[in-house]
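Chains, contacts and geometry: an overview
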Amino acid sequence: MTWFIDVASKVIVGVAVTPHQPAREAVLAALRTGISREEPYGPFGGLPGRVRVDRGKDFLSKAVSRALGAFAVPVDDLPAYKPYRKGTVEALNGAVEEMLLVSLPGYTRRARPAQAYRPDTVEDLLPYPDFVKVLLDWVAWWNTEHRPSGLTGGRTPAQAWEADPAPVEDVPEERLAFFALEDDGRIRKISTNGVSWRRRAYIADWMAGHVGTKVRLRYLPHFDGRIEVFSAEGWGRHLGSAYLAEAATPAQRRALSRVRESRARALKADLKAAEKLRRTRYTATTTAAAPGRRRTETASEAQAEIVRAQAADLAARALPDLIPPREPPAGWARAPSGSWHYPLRREAQPHRCAGRYNGYRARFGQQGVTADGYR
């Protein structure tokens, strides 16, 4: 999960959840929810005066820097291995683990007897939508009911937010509508097949009658199911959304997932076997003598493995669709066997050919130079 917390009031202003390791799109999504004060994100938020982040590559990506730079928000990159410099968010990470995550099924850091350890079954785990709802409910409880230490008068984060006299700068929703989108900077044209992006076609109903219009595309990082199309002229008016054409069906995606998993298992097995063969093991010694190899290959075995490796390498670099050239026509002049001949065409370009001929004469001497070329 990725979230932003206000240092003064300890209110969580933005949060985003991903089922895997978060990347820059999760940071942008959490940042958008932290800036917007409209439902369902409000009432906490607004444009921050400064953003402090750790050295995670997702927070330091160019997309995050451009998004915050568009609103002139400075970003402080905190030094590595200095958790006391970001104590507020570190305390929040510890609180959510101790108050919420430890009580959920599937928590892997729960203390269990070593002899009777049995992981939770898949049926006992929460579905992803239910987990997100539980987490968002906990965020709402933290903001409105919990009374963290450090706030004067035993206030909740929401009460501390309301009591803070600092003004809140709101950002118009039209500026946040495409806040997290990236732009590759290229200008494209709408064709009868829609608009092309990353060698894929994207279509929409509104494209009818816009064939030939020059457009620019913006998209969410790491998401290629939908793109936003803007006019390339003037102020870049938003024309509409376009969706991927001929997307794979759920059955095809499941079959593709099985194929990729099978390939990954095969590659892991090959890697494990290759690593086992790569290591050299020696016999144990009981006297002051050099150890001997535990396994010795024969000359034929070593040569066979070398040949197999070379053949696989050549097969990987070969062009299976390469068609050999056909024999030239019988009327074409051919160089004699074992020699090569380059005509100089002196009659076509006398001034250039004379220079080339004289250069060859000066370099090679009289031997091997003819009137129409060299050998």
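Residues numbered from 1 in each chain as written. Predicted model: local features only at pLDDT ≥ 70, side-chain atom pairs only at ≥ 80, totals over all residues. Heavy atoms only, no water.

Details of the pattern of salt bridges
If you walk through the whole model with that rule in mind, you get 9 salt bridges. Measuring nitrogen to oxygen at the nearest pair gives 3.0 Å for the salt bridge that ties Asp76 to Arg50. Of the two residues, Asp76 is situated in strand E4 (residues 75-77) and Arg50 in the loop between helix H1 (24-35) and strand E3 (51-53); the sequence distance between them amounts to 26 residues. Among the residues examined, Asp76 registers a relative accessible area of 24% and is labelled partly exposed. Of the residues examined, Arg50 reaches a relative accessible area of 49% and is grouped as partly exposed. Among the ionic pairs, Arg293 bridges to Glu297, the shortest N-O distance being 3.8 Å. Each of Arg293, Arg295 and Glu297 takes part in a single network of salt bridges with overlapping partners. (Salt bridge = Lys/Arg side-chain N within 4 Å of Asp/Glu carboxyl O. Helix = DSSP H or I, 4+ residues; strand = E, 2+ residues; numbered from the N terminus. Buried < 20%, exposed > 50% of the residue type's maximum accessible area, 1.4 Å probe, protein only.)

A few points about the nonpolar core
Soluble globular proteins: nonpolar side chains tend toward being buried together. Residues Phe4, Ile35, Phe71 and Phe179 are the most contacted members of the largest nonpolar core, which totals 24 residues. Sort the elements by how many residues they give to this core and H1 lands first, with 5 residues. When near neighbours in sequence (up to four residues on either side) are disregarded, Ile35 contacts Gly45, Gly46, Leu47, Pro48, Val171, Leu176 and Phe179. Counting residues in each nonpolar core, the second largest holds 17 residues, with Ile12, Tyr107, Trp138 and Trp142 among its members. (Core = buried A, V, L, I, M, F, W, Y, C linked by side-chain atoms within 4.5 Å. Contact = heavy atoms within 4.5 Å.)

Structural notes on unusual backbone geometry
In the Ramachandran plot, Arg198 falls in the positive-phi region, its phi being about 55° despite a non-glycine side chain. With respect to the helices and strands, the residue Arg198 is situated in the loop between strand E7 (195-197) and strand E8 (200-203). Its identity as a non-glycine residue notwithstanding, Arg199 has a phi of 60°, on the positive side. Counting through the fold element by element, Arg199 comes out in the loop between E7 and E8.

Considerations on the confidence of the model for the chain
In the predicted model, the chain carries a mean pLDDT of 80, and the fraction of residues at 70 or more is 83%. No element of the chain has a lower mean pLDDT than strand E13 (residues 373-374), at 38, and none a higher one than E8, at 93. Scored below 50 in pLDDT, residues 344-375 shows 26 contacts in the model against residues more than four places distant or in partner chains. (pLDDT = per-residue confidence, 0-100.)

Topic: the packing of aromatic side chains
Tallied over the full model, the rule gives 6 aromatic pairs. On the numbers, 6.1 Å between centres and 40° between planes, the contact of Trp138 with Trp141 is tilted. With Trp138 and Trp141 both in helix H4 (residues 128-144) and 3 residues apart, this pair spans about one turn of that helix. According to the relative accessible area criterion, Trp141 is partly exposed, its value standing at 29%. Each member of the aromatic cluster is reached from another via a ring pair, and the members are Trp3, Trp138, Trp141 and Trp142. It is Arg218 that lies over the ring of Phe230; its NZ or CZ is 5.9 Å from the centre. (Phe/Tyr/Trp six-rings, centres within 6.5 Å; stacked < 30°, edge-to-face > 60°. Lys NZ or Arg CZ within 6 Å of the ring centre and 35° of its normal.)

Some thoughts on helix H3 (residues 87-99)
The terminal C-alpha atoms of H3 lie 18 Å apart, and with 13 residues this matches the ideal 18 Å at 1.5 Å per residue to within 8%. Buried residues of H3: Leu92, Ala95 and Val96, and no others. End-on, the buried residues of H3 take up no more than an arc of 95°, which puts them together on one face. The elements touched by buried residues of H3 are strand E1 (2-5), strand E2 (12-16) and H4. (Expected span 1.5 Å × (residues − 1). Arc of directions from axis to C-beta.)

Overview of the side chain of Arg32
Inspection of the secondary structure puts Arg32 in helix H1. With relative accessibility at 19%, the residue Arg32 sits in the buried group. Look past the residues within four positions of Arg32 in its chain and what remains in contact with it is Tyr41, Glu173, Leu176, Ala177 and Phe179.

Section: the pairing of E8
In this structure, E7 lies alongside E8, joined through 3 bridges in antiparallel fashion. Residue pairing for E8: Trp197 is matched across the bridge by Arg200. One ladder, built from 2 bridges, connects E8 with strand E11 (residues 238-244); its direction is antiparallel. Its bridge partner lying in E11, Ile203 is registered against Tyr243. (Pairing = 2+ DSSP bridges.)

Overview of the side chain of Ser36
When you line up the elements, Ser36 lands in the loop between H1 and E3. Judged by relative accessible area, Ser36 falls into the buried class, the value being 1%. Here Glu38 takes part through its backbone nitrogen, which lies 3.3 Å from a polar atom of the side chain of Ser36. Sequence-distant contacts of Ser36, that is, excluding residues within four places in its chain, are made with Tyr41, Gly42, Phe44, Gly45, Glu173 and Leu176. (Polar contact = N/O pair within 3.5 Å; in protein donor to acceptor, adjacent residues only side chain to side chain.)

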